[in-house]
Amino acid sequence: MTANGLLQASHARVGADRSRSTRAFSRVLHNPMILVAYLVLALNTVSCLVPILWTLSNSFRSNTQIFARFSLFPEQFNFGAYVSMLTQTNILSGFFNSVIITGLSLVLLFICVLPAAFVLSRIRFAFSKVIYGFFLLAIFVPGIVLLQATYSIFAGTGLLNIPYAIVLAYTAGQVPFCLFLMVAYMREIDPTIEEAALVDGASGWRIFLQIILPMSRNGIVTIMILSFVSIWNDYIYALVFLPEPQRQTLTVALASAKGEYTVSYGLLSAAAILAIVPVFVFYLFTKNLLMNGMSSGAVKG
Amino acid sequence: MGTLKFRPWYLLYLLPAVALYVGLFVYPFIETAISSFTSWDGITAPVFVGIQNYVQLFHDNVLMSGILRILIWAALAVLVKVGLGLVFAAMLRERLKGYGFFTSVFFFPVVISSSAMSLIFSLMYDKDIGIINQTLGFFGLGFLQHAWLSDPGTAFFAAIAVPIYQDIGFFLVIFLAALQDIPGEYYESARIDGAGPFKTFFMVTLPLSLGSLRVCIVLAVTSAFKTFDYIFLLTAGGPGNSTQVPATWMYLQTFQSFKYGYGAAIAMLIFVLSLVVSGLVMGSNMFSARAARREAARELRDIDGVMA
């Protein structure tokens, strides 16, 4: 584009911006409902932010200050509560346990789901639909229904004493839904590319690794972040399967800190903030994928 | 599909998923169903007792009031989280300025763990330092101050307010996606006919999102039926048993009273209740998206007729 063209384009854009903002302004004047909408939305924004800001503020305040009045802004930045939270509780080790458990579960999930989704979506064979339907039945079974029987199996087979064996239960819980999403993604891949690869003599394994996997990376990212959130946030399986303090995950460590340090309000606030910060960072990078994934997952499921 | 020929070794691709699914999903499910007909302490051999556990369910006052509680919870969940999700989505549909900001802020609570959220809210509900009581005191409403989670009158509602509040953003996002699929012409003709925002909402937005609404109702109701975390973390079923729900009661029966058979019967009850609700809501013709679309088209024609 020439300099002149660029100039014209930018003029056009400024014009469009101006007309859009005047239009928005006159829309508000003609339609007071938009003001009402903004008011309601602002109110809900406050209700979403206040709990977190209040907790953040309290994590820097002394118990005396917390008792005196509430404040969304701390009087000082005192990191004492964070130091005692990190040294006196098992929250930090819980955090690392959560990282390892969630990471291992995701690896195992990929090993299970990706090849299976490939076969069920790209190859026609006699029992394909039956196997797929067999997995879909699980969508109606809430995870909590399986809790005690899974626990008995773990106790009976000695898995209970093997570190990180809980990842088997987490992965099994995620397999049906993720397989369902992955099959839906892989079905949409255009077959001409794999036909060409087949003519070139590529094996099924190479087609899976070098064509299907790269082409379904949106689906892979979606099941990864959805499963990450659900495994990272799980409470009840971790509570039942990992009773020893040194093996607890973050969610359970938070809850036990709450039971132990009932009136150390600063410490508890700091613990909650430590739990939220990594999720917040994750959220900043994945929020659009998360929203798309959750809405399409919910509607398809 | 079908370019690749089936070879027996492709069954190996299915093996990890099938093995894990059968071993830790299908088998535990069958195991739960079977042990619900036994008396079992989890250690010695289970004894077959027929339907005794299921009979006992109906004589268990804590469980029965727990079922009443999850029905109230489900109704409030549908009204508040699904309702507000839809209303916010309708407000944001036209991509108001600040669309991205509002959706990001409203959705963030969805990804916070139940454990962290319960911790924050147990501090907020605190009798002395909680922001709720302190705010009431600040506005001279001290007489409303409460030990929210330890008063049997408020404990249950205070506890379920947390997941209901937290999930609004989830339903908002589902509805935003659904509303984008509604053809713009519907809104255009509603606008030309001079329909106000309320009329537009009830004549266009609501009838045309019935398909998603149905899914959302199922999700909201089943999540009320199966949720354990918030009740357990905020009130632990107390004071007394005044906030006990089937999920927490099942946990206590199994892991503290060691009545595995009875716990399994409660688990099966939770499963059947969820299945019945899903079947009823998904199967009902009233919510069928196609009927809704026809209905909306008819309404629009009627409006046109009146206007002409």
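Residues numbered from 1 in each chain as written. Chains lettered and ligands numbered in written order. Predicted model: local features only at pLDDT ≥ 70, side-chain atom pairs only at ≥ 80, totals over all residues.

**Student:** So what exactly am I meant to see when it comes to the nonpolar core here?
**Tutor:** Nonpolar side chains in soluble globular proteins tend to be buried together. The biggest cluster of nonpolar side chains holds 176 residues, and the ones touching the most others in it are Val113(A), Leu179(A) and Ala271(A). At 17 residues, helix α7 (residues 155–180) of chain B tops the list of elements feeding residues into this core. Residue-level mapping places this core at the junction of two domains, with at least three residues from each of domain 1 (3–83) and domain 2 (85–300) of chain A. Non-local contacts of Val113(A), meaning those with residues more than four positions away in its chain, are made with Val175(A), Cys178(A), Leu179(A), Met182(A), Ile223(A) and Ala17(B). (Core = buried A, V, L, I, M, F, W, Y, C linked by C-beta atoms within 7 Å. Buried ≥ 20, exposed ≤ 12 C-beta atoms within 10 Å, placed from the backbone. Helix = DSSP H or I, 4+ residues; strand = E, 2+ residues; numbered from the N terminus. Domains from an automatic or database assignment. Contact = placed C-beta atoms within 7 Å.)

**Student:** What exactly am I supposed to notice about the packing of helix α5 (residues 91–122) of chain A against helix α11 (residues 217–232) of chain A here?
**Tutor:** Helix packing for two helices is described by the angle between their axes and how far apart those axes are. Residues and elements named next belong to chain A. Put simply, α5 and α11 touch, their axes get as near as 10 Å, and they point 140 degrees apart. In terms of orientation, α5 lies oblique with respect to α11. The hand of the α5/α11 crossing is right-handed. When α5 is examined against α11, the residues Ser98, Thr102, Ser105, Leu106, Leu109 and Val113 are found in contact with a partner set consisting of Ile223, Met224, Ser227, Phe228, Ile231 and Trp232. Class assignment of the residues belonging to the contact of α5 with α11 gives a composition of eight nonpolar, four polar and no charged. (Axes fitted to C-alpha atoms, helices over the stretch in contact; angles between N-to-C directions. Parallel < 35°, antiparallel > 145°, perpendicular 65-115°, else oblique. Left-handed = near helix turned anticlockwise from the far one by under 90°. Nonpolar A, V, L, I, M, F, W, Y, C, P; charged D, E, K, R; others polar.)

**Student:** What exactly am I supposed to notice about the interface of chain B and chain A here?
**Tutor:** How big an interface is tends to be stated in terms of the accessible area lost upon association of its parts. Contacts between the two partners involve 72 residues from chain B, matched on the other side by 82 residues from chain A. Counting residues per element, the side of chain B that touches chain A draws most heavily on helix α1 (residues 10–35) of chain B, at 13 residues. Taken together, the residues of the side of chain B that touches chain A sort by class into 49 nonpolar, 17 polar and six charged.

**Student:** What is the right way to read the domain arrangement of chain A from this model?
**Tutor:** Residue and element names in this part refer to chain A. Taken domain by domain, chain A holds domain 1 (3–83) and domain 2 (85–300). On the domain 2 side, the residues contacting the twelve residues of domain 1 number eleven residues. For the side of domain 1 that touches domain 2, the secondary-structure elements that each account for two or more residues are α2 (32–58), α3 (63–68) and α4 (80–88). Partitioning the side of domain 1 that touches domain 2 into residue classes produces six nonpolar, five polar and one charged.

**Student:** Can you help me understand α7(B) in this one?
**Tutor:** Three or four residues apart is the spacing at which side chains of an α-helix point the same way, because the helix has 3.6 residues per turn. All names here are of chain B. Between its terminal C-alpha atoms α7 stretches 39 Å, which fits the 38 Å expected from 26 residues at 1.5 Å a residue. Its axis deflected by about 35 degrees at Asp167, α7 carries its strongest bend there. Counting buried residues in α7 gives 21 out of 26 residues, a clear majority hidden from the surface. (Expected span 1.5 Å × (residues − 1). Bend = angle between axes of the 7 residues up to and from the residue.)

**Student:** For this particular structure, what's the right way to read unusual backbone geometry?
**Tutor:** Across the chain, the bulk of peptide bonds are trans and the bulk of non-glycine residues have phi less than zero. Residue and element names in this part refer to chain B. Residues other than glycine seldom take positive phi values, yet Ala236 does so here, at roughly 55 degrees. Position of Ala236 among the secondary structure elements: in the loop between α11 (229–234) and α12 (246–255). Even without being glycine, Phe258 reaches a positive phi, approximately 55 degrees. Secondary-structure assignment places Phe258 in the loop between α12 and α13 (260–283).

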